[in-house]
Every structure is written in structure tokens, then in C-alpha cells.
Amino acid sequence: MRHLLSPLAVLIALAGSVGAQAPELSALARLEADRSFVAQPSASKTEITLGLSQPVPFRAFLLDDPPRLVVDFREVDFAEAKPEDYERRGLLGDIRWGRFRAGWSRFVAELNGPVKLVSAEERTGTESGSLPELHIVLERTTATEFEARQGAAQSALWDLPQPAPTGALLTRQDGTRPLRVMLDPGHGGIDPGAEVEGYSEAVLVLTFARMLKEAMTRAGMEVAMTRKEDIFVPLEERITAAHAFGADLMISLHADALAEGEAMGATLYLFDEAASDEAARKLAERHDRSDLLAGVDLEGHDDAVAGVLMDLARLETQPRVVRLGQVLSGAIKGAGLRMHRHPVQGADFAVLRSPDIPSALVELGFMSSEVDRARLHDPEWRAEMAAALVAGVQRWAEADAAEARLLRQ
Ligand SMILES: [Zn+2]
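The paragraphs below set out a description of the structure included in this document. (Residues numbered from 1 in each chain as written. Predicted model: local features only at pLDDT ≥ 70, side-chain atom pairs only at ≥ 80, totals over all residues. Heavy atoms only, no water.)

This part takes up the nonpolar core. Taken as a class, soluble globular proteins show a tendency for nonpolar side chains to be buried jointly. Counting 44 residues, the largest nonpolar core has Leu212, Met216, Leu253, Leu364 and Met385 as its most contacted members. Taken together, the elements giving at least two residues each to this core come down to strand E10 (180-185), helix H3 (201-218), strand E13 (222-225), strand E14 (249-254), strand E15 (266-271), helix H6 (304-334), strand E17 (359-363) and helix H8 (379-408). Per-element accounting of this core gives the leading share, nine residues, to H8. Ignoring any residue separated from it by four or fewer positions in sequence, one finds Leu212 in contact with Leu183, Leu253, Ala386, Leu389 and Val390. One finds Phe73, Trp97, Ala109 and Leu117 within the second-largest nonpolar core, a separate group that totals 31 residues. (Core = buried A, V, L, I, M, F, W, Y, C linked by side-chain atoms within 4.5 Å. Buried < 20%, exposed > 50% of the residue type's maximum accessible area, 1.4 Å probe, protein only. Helix = DSSP H or I, 4+ residues; strand = E, 2+ residues; numbered from the N terminus. Contact = heavy atoms within 4.5 Å.)

Let's shift gears to the pattern of salt bridges. In the structure shown here, the tally under the stated rule is 24 salt bridges. For the salt bridge of Arg227 with Asp230, the shortest nitrogen-to-oxygen distance reads 4.0 Å. Linked through salt bridges whose partners overlap, the residues forming this network are Arg172, Glu316, Arg320, Arg323, Asp400 and Glu403. (Salt bridge = Lys/Arg side-chain N within 4 Å of Asp/Glu carboxyl O.)

Turning next to the coordination of the zinc ion. Listed as protein donors to the zinc ion are His187 (NE2), Glu201 (OE), His254 (ND1) and Asp256 (OD); their distances from the metal cover 2.1 to 2.4 Å. In the primary sequence, the donor residues of the zinc ion line up as H-x13-E-x52-H-x1-D. With Glu201 in helix H3 and His254 in strand E14, this pair connects stretches of sequence that are 53 residues apart. Grouping residues by exposure puts Glu201 and His254 together as buried. (Donors = N, O, S within 2.8 Å, 3.2 Å for Na, K, Ca; no water.)

Strand pairs in the sheet, formed through backbone hydrogen bonds, run parallel or antiparallel to each other. Ordered in space as E5-E1-E2-E9-E8, the five strands form an open sheet in which the pairing is mixed. Whereas interior strands pair on both sides, the edge strands pair on one side only; in this sheet they are strand E5 (76-77) and strand E8 (115-123). Bridge count for strand E1 (residues 29-42) against E5 is two bridges, and the pairing is parallel. Bridging from a neighbouring strand, Ala29 pairs with Val76 of E5. (Pairing = 2+ DSSP bridges.)

Helical geometry note: an α-helix holds 3.6 residues per turn, so side chains three or four residues apart project in the same direction. For H8, spanning 30 residues, the distance from its first C-alpha to its last is 43 Å, which sits close to the expected 44 Å at 1.5 Å a residue. By the N-cap criterion, in which a side-chain oxygen at the helix start approaches the backbone nitrogen of a residue two or three places on, H8 is capped by Asp378, the distance to Glu380 being 3.0 Å. (Expected span 1.5 Å × (residues − 1). Polar contact = N/O pair within 3.5 Å; in protein donor to acceptor, adjacent residues only side chain to side chain.)

For the rest of this paragraph, the subject is the packing of H3 against H8. Between H3 and H8, the shortest axis-to-axis distance is 9 Å and the interhelical angle comes to 50°. Classified by the angle their axes make, H3 and H8 are oblique. Crossing of H3 against H8: the hand is right-handed. Contacts from Thr207, Phe208, Met211, Leu212, Ala215 and Met216 of H3 reach H8 at Pro379, Arg382, Ala383, Met385, Ala386, Leu389, Val390 and Val393. (Axes fitted to C-alpha atoms, helices over the stretch in contact; angles between N-to-C directions. Parallel < 35°, antiparallel > 145°, perpendicular 65-115°, else oblique. Left-handed = near helix turned anticlockwise from the far one by under 90°.)

So, on to the environment of Ser42. With respect to the helices and strands, Ser42 occurs in strand E1. On the basis of relative accessibility, which here comes to 30%, the residue Ser42 falls in the partly exposed class. Measuring from C-alpha to C-alpha, the distance between Ser42 and Glu139 comes to 9.3 Å, with 97 residues separating the pair along the chain.

Further remarks concern the environment of Glu110. Relative to the elements of secondary structure, Glu110 occurs in strand E7 (residues 104-111). Measuring from C-alpha to C-alpha, the distance between Glu110 and Arg96 comes to 8.7 Å, with 14 residues separating the pair along the chain. Among residues more than four places away in sequence, those in contact with Glu110 are Pro66, Pro67, Arg68, Leu91, Leu92, Gly93, Asp94 and Arg96. Reaching out from Glu110, the side chain makes a polar contact with the side chain of Arg96 at a distance of 3.1 Å.

So, on to the sheet that holds E14. Reading across the sheet, the six strands line up as E13-E10-E14-E17-E15-E16 and stay open at both edges, with mixed pairing between neighbours. Pairing within the sheet leaves two strands with one partner each, and these edge strands are E13 and strand E16 (339-347). The average angle at which neighbouring strand axes cross in this sheet is 20°, direction not considered. With five bridges joining them, E10 and E14 adopt parallel strand pairing. Note on E14: the bridge partner recorded for Met182 is Met250. This element, H3, spans E10, E13 and E14 of the sheet and lies at about 165° to E10.

All right, on to helix H4 (residues 235-245) then. Of the residues making up H4, those classed as buried are Leu235, Arg238, Ile239, Thr240, Ala242 and His243. Gly246 sits one or two residues past H4 and shows a positive phi near 70°.

The next point concerns the packing of aromatic side chains. Across all of its chains, the model carries five aromatic pairs by this definition. Between Phe73 and Phe78, the ring centres sit 6.0 Å apart and the planes meet at 70°, which makes this aromatic pair edge-to-face. Per residue, the accessibility class of Phe73 equals that of Phe78, and both read buried. Relative to Trp97, the ring of Phe78 has its centre 4.9 Å away and its plane inclined at 10°; by these criteria the two rings are stacked. Here Phe78 is found in the loop between E5 and strand E6 (92-101), whereas its partner Trp97 is found in strand E6, with 19 residues between them in sequence. By way of ring pairs, the aromatic residues Phe73, Phe78, Tyr86, Trp97 and Phe107 are connected into one cluster. (Phe/Tyr/Trp six-rings, centres within 6.5 Å; stacked < 30°, edge-to-face > 60°.)

These values are about where atoms sit, not about what they do.
Right, here's the structure in full:
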């Protein structure tokens, strides 16, 4: 699978756009009609230029029956332009565009014969100033070659189960509406998680999640849960549910057991792709093994383009995640609750991989520790921990909203 755009180029473009001209990073990119056109340099070649108001992650590919060019974008507002102005030119037939699924848009051009996707790139610094444009070159080819190349790439972002329509656009929270939190009690059903002295982690974290949900709801947040009972939910579905809910934040809850050592206290895990030390790797394996048990296919979800798209969204999200770790650990310690000696750690757990929803995994304590186990079973301790998490999330949301408003100015 080859890269359709250079990750570095687009990362630079996106980073550069945060500067003096400060476009609305969290607002929708617009398709600008006066910078968008279809050109035909020769009878067998067609060039499509789409002027955008800000850089967006995208991918382009070809489909057959009928032959089509498909371009998927991070949500783009097409309202300014009309498909009629671009269709039936050169190799293009009818064109449609619009929202594809929550947070994503799709452009589809029918093709009047087999073509080859020569290139698809997002360019900046062209004649139209520093605004980006998507440049796609198509060339007539043979039916055989077309057949060999067409087909959508498999990717974690695109081939997830269709989320339920959310109605509202996924916009970054700015304090003008209630914060939406997805609580994700770990494990469940055929996967009990850690089991010590007849207690299962799955049941314990569900009990805690219900309590935390109540506390958050009382604090004015909108809260949903990836599971409300003792059932198995694949990890990808948990992330999909958070997207479908339009979550501003996802918090996974665990209380694992360690075979060795005397670990105790609460620990926060934040996304870190590079977290590769033995302990982190083992933990990731333990967290993610449930899907393997349930026979969910984890292969084929990491294509290069999806990686690029995730990197782009991650660029905006990761600083928010880092702040989440700081504020939550501050709130837990501030409430006098015991944390692990490494209170905030990086990990590459599946549930932390939402590129656009700040996510944290809270190990409430270790079921392997007698002291922690007593705490986890103590309703008073649970209430204190829930209150600390609510306070931390509130503090984070305020700072995060202030930053969102600043970016928008
Ligand atoms: Zn766990």
C-alpha cells in the first residue's frame, strides 16, 4: 500500500497553519468554488483541483461497477460549490459529494471508462496563496490495469461498523454545551479480566463505571457507557461507540492484576505509540487479548493511509491528551488518593487509539494487591475516586474549552 500523500508534507502544512493566519482548526474545511476546477491537458488525461480553506486528511481510490473515483476527507463543507460545475468533463461522469459518516465527507466521480490514479496530493504554497488544494491526476488506461488497481483500502478508520447517525457534527467542545463523556468499563462477558479471590475485574469496573456515570451526570455532563452489563464488547466497537456518541472524552476503566511485583495505586495510561518497553507491551497484550479470545480479526487494520489520517488528527489531539493526564493525576493526588509510583504512563492500548477523541485509561488499582483490593471494594473509597475523576474532568474541560475558543479567534 503506497502513501497517497507524504505524511511529513501534510504534517508541516497543518502545523504551519496554526501560525499567524490562524484558521479555525476545529471548524470545517470548505471547498472553495473559485479555486476548484477540472482541466483536461490531453484527451487521455484529466486533472481535478479542489481548493480547500484548510488542510484535511484525505485518501483517494478507485472503485469498479461502475468505475468511480472516490475521495474521502475529514469533514468538508461543500455548500459553496455545485457538482454540475465539474462533472462530465474529461474522464469524469456524474459527481456527488457530501457527508459520508460522522466527521467524514466523500466525493464520488463516475468515470467514463477505465482510468489510472496517477497522483493525488494535497499541495500548499501554490498560486492561490498558502491555502491548500487537493490535486488529482487521472489517466485513461486499459480495463485490465484498472481492474488490478481498483478497490478501497482496508483501514481501521473506514471499515468500522457504521456508527448510528449522530445528527450533530463532531465539533470540539468549547464550553457552550454539556461535555460528552464515554465511559468504557474494561472486559466483560467471556472476558472477565483479572480474577482474584472470586472477584472479576469486569464486574468491579462496571460497578465503578455506573457510579462514576451518576456523579458525572450530576455534574452536568452527558455520559454514555460502552457496556452497561456484563457482556463482551470488542475494542473497536468501543471506539466506534465513542464516535457515534460524539464523545469529547473517552475514559476506560480497569483494575488489572500483576503476576509479579507489588504494584499498587491508581495509574493513568495515555496513548503513546512508542511505548515499547516490556511492561507496557505486556500490559497492552493483556488489555487487547480479549478481542483475540473473541475471534475478532485484528489484522489488516493498519494501512499506510489510515496511519497518515490518524497522525494528522492525533497532532491536534495529543496535547489535549497530555493535559488530561496532568489534570486527572493532579485531581486524584489532590483528593489524597494513592497513585502508583509512575502515576502517568504511555501505552499503545487499542482503546487509546481514537485519533480525534482525547482518551485515557484509568487503572483504578491492582487486583493483585491486597491493599488495592480492599479499596476497590470499599464504597467510600469508590465515591472519593469518582469525585476526584469528576473534578479532574471538569478542570480539563474548562482548560480545553478555553483553548478551543482561542484557536477559533
Ligand atoms: Zn483490564
